[in-house]
Amino acid sequence: SQQGEEDPQALSIQEGENATMNCSYKTSINNLQWYRQNSGRGLVHLILIRSNEREKHSGRLRVTLDTSKKSSSLLITASRAADTASYFCATDRDDYKLSFGAGTTVTVRA
Amino acid sequence: KAGVTQTPRYLIKTRGQQVTLSCSPISGHRSVSWYQQTPGQGLQFLFEYFSETQRNKGNFPGRFSGRQFSNSRSEMNVSTLELGDSALYLCASSLPGTGWYGYTFGSGTRLTVV
């Protein structure tokens with residue numbers, strides 16, 4: 001079973017616009033991670049935010065975490081065609097495994 | 001440095017056969033995890049190994065098994081293949097410890113059962 005749910009399922013934006021996707025989860029966590037997957041290939045780690053952090057930045061990525069609401073958001077600013085991919089949130093409860101959400105498919109139009 | 005290497009990339013097997021998939025982690029990484037990805041169930045955790053010991057196992061039937069060798073390379077085996085085992089199988093490695101940032105995934109093995 002999946003721990004997280006992502007919203008929206010799909011997102012289509014114009015190049016240069018920002019993309020925001022949300023992730024909700026059910027149980028307490030040690031950290032939450034975001035991954036990108038291009039066309040059914042392997043997952044690429046984007047960013048990790050620990051349970052005692054509220055916001056984190058990495059390049060054009062901004063992640064927030066609200067443990068009281070059990071939710072996280074990923075913002076991609078100034079999107080590019082290369083950002084077209086599926087994005088997954090994954091929760092880590094310090095039990096040697098990740099529980100993934102269903103993913104958000106992002107399409108960036110030129 | 002080299003990433004996580006999974007072999008083979010593609011595999012076609014017949015129902016009832018068995019299959020072995022291989023994963024070589026990043027040099028120095030001692031934790032190896034396996035995940036199954038299907039359109040219907042998404043990404044599901046199979047098992048995790050650290051220093052040849054399985055530390056966690058997902059909710060899969062006993063037909064799915066794995067092991068880790070002393071050089072941290074890992075294999076997973078699926079016996080008596082079913083059509084529903086068709087999936088992308090992903091391996092991930094990590095180096096737990098202070099400053100741990102997450103997992104590095106391989107490109108996956110796409111298994112098709114016919």
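Everything quoted here is computed from the prediction, not taken from an experiment.

Colleague: Looking at this structure, I do not really get the environment of Asn56(B). What am I missing?
Modeller: Its place among the elements puts Asn56(B) in strand 6 (residues 53–57). Here Asn56(B) falls in the buried class, since its relative accessible area comes to 18%. Counting along the chain gives 50 residues from Asn56(B) to Gly106(B), while the straight-line C-alpha distance between them is 20 Å. In contact with Asn56(B), other than residues within four places in its own chain, are Asp95(A), Tyr96(A), Lys97(A), Phe45(B), Phe47(B) and Glu48(B).

Colleague: Whenever I open this one, unusual backbone geometry confuses me. Can you help?
Modeller: Excluding glycine, a negative phi dihedral is what most residues carry, and trans is how most peptide bonds are arranged. For the peptide bond that leads from Asp7(A) to Pro8(A), omega is 0°, which places it in the cis range. Along the chain, the position of Pro8(A) falls in the loop between strand 1 (4–7) and strand 2 (10–14). Cis geometry is found at the peptide bond from Thr7(B) to Pro8(B), where omega equals -10°. Relative to the assigned elements, Pro8(B) resides in the loop between strand 1 (5–7) and strand 2 (10–13). With a phi close to 45°, Ala78(A) is a non-glycine residue in the positive phi region. Mapped onto the fold, Ala78(A) is located in the loop between strand 8 (71–76) and strand 9 (85–92). We classify Ala78(A) as partly exposed; its relative accessible area is 38%.

Colleague: Help me understand the interface of chain B and chain A in this model?
Modeller: It is common to give the size of an interface as the accessible area lost on bringing the parts into contact. On the side of chain A, 20 residues touch chain B, which itself brings 23 residues to the contact. Summed over both sides, the interface of chain B with chain A buries roughly 1700 Å², with 51% coming from carbon and sulfur. For the interface between chain B and chain A, the tally reads zero salt bridges. Applying the counting rule to chain B against chain A returns four residue pairs in polar contact (both at pLDDT 80 or more). Elements that contribute at least two residues to the side of chain B that touches chain A include exactly strand 4 (31–38), strand 5 (42–50), strand 6 and strand 9 (87–94) of chain B. The element contributing the most residues to the side of chain B that touches chain A is strand 5 of chain B, with five residues. Taken together, the residues that form the side of chain B that touches chain A break down as nine nonpolar, ten polar and four charged.

Colleague: What am I meant to see in the sheet that holds strand 7 (residues 64–68) of chain B here?
Modeller: Adjacent strands of a sheet form backbone hydrogen bonds with each other and so pair up, either parallel or antiparallel. All names here are of chain B. Spatial ordering of the open sheet is given by 1-3-8-7, a layout of four strands whose pairing is antiparallel. Looking at which strands have only one partner, the edges of the open sheet turn out to be strand 1 and strand 7. Across the sheet, the mean angle separating the axes of adjacent strands is 15° when strand polarity is ignored.

Colleague: Even after reading the chapter, I still don't get the pattern of salt bridges, so can you show me in this structure?
Modeller: Pairs can form between side chains of opposite charge whenever their charged atoms are close. Within the structure shown, the criterion is met by eight salt bridges over all chains. With a closest N to O distance of 2.9 Å, Asp83(A) and Arg60(A) form a salt bridge. Taken together, the residues Asp83(A) in the loop between strand 8 and strand 9 and Arg60(A) in the loop between strand 6 (55–58) and strand 7 (61–66) connect sequence positions 23 residues apart. Note on Arg60(A): relative accessible area 22%, which makes it partly exposed. Linked by salt bridges that have partners in common, Arg63(B), Glu82(B) and Asp85(B) make up one network.

How each quantity is defined
Residues numbered from 1 in each chain as written. Chains lettered and ligands numbered in written order. Predicted model: local features only at pLDDT ≥ 70, side-chain atom pairs only at ≥ 80, totals over all residues. Heavy atoms only, no water. Helix = DSSP H or I, 4+ residues; strand = E, 2+ residues; numbered from the N terminus. Buried < 20%, exposed > 50% of the residue type's maximum accessible area, 1.4 Å probe, protein only. Contact = heavy atoms within 4.5 Å. Buried area = accessible area lost by both parts, 1.4 Å probe. Salt bridge = Lys/Arg side-chain N within 4 Å of Asp/Glu carboxyl O. Polar contact = N/O pair within 3.5 Å; in protein donor to acceptor, adjacent residues only side chain to side chain. Nonpolar A, V, L, I, M, F, W, Y, C, P; charged D, E, K, R; others polar. Pairing = 2+ DSSP bridges. Axes fitted to C-alpha atoms, helices over the stretch in contact; angles between N-to-C directions.

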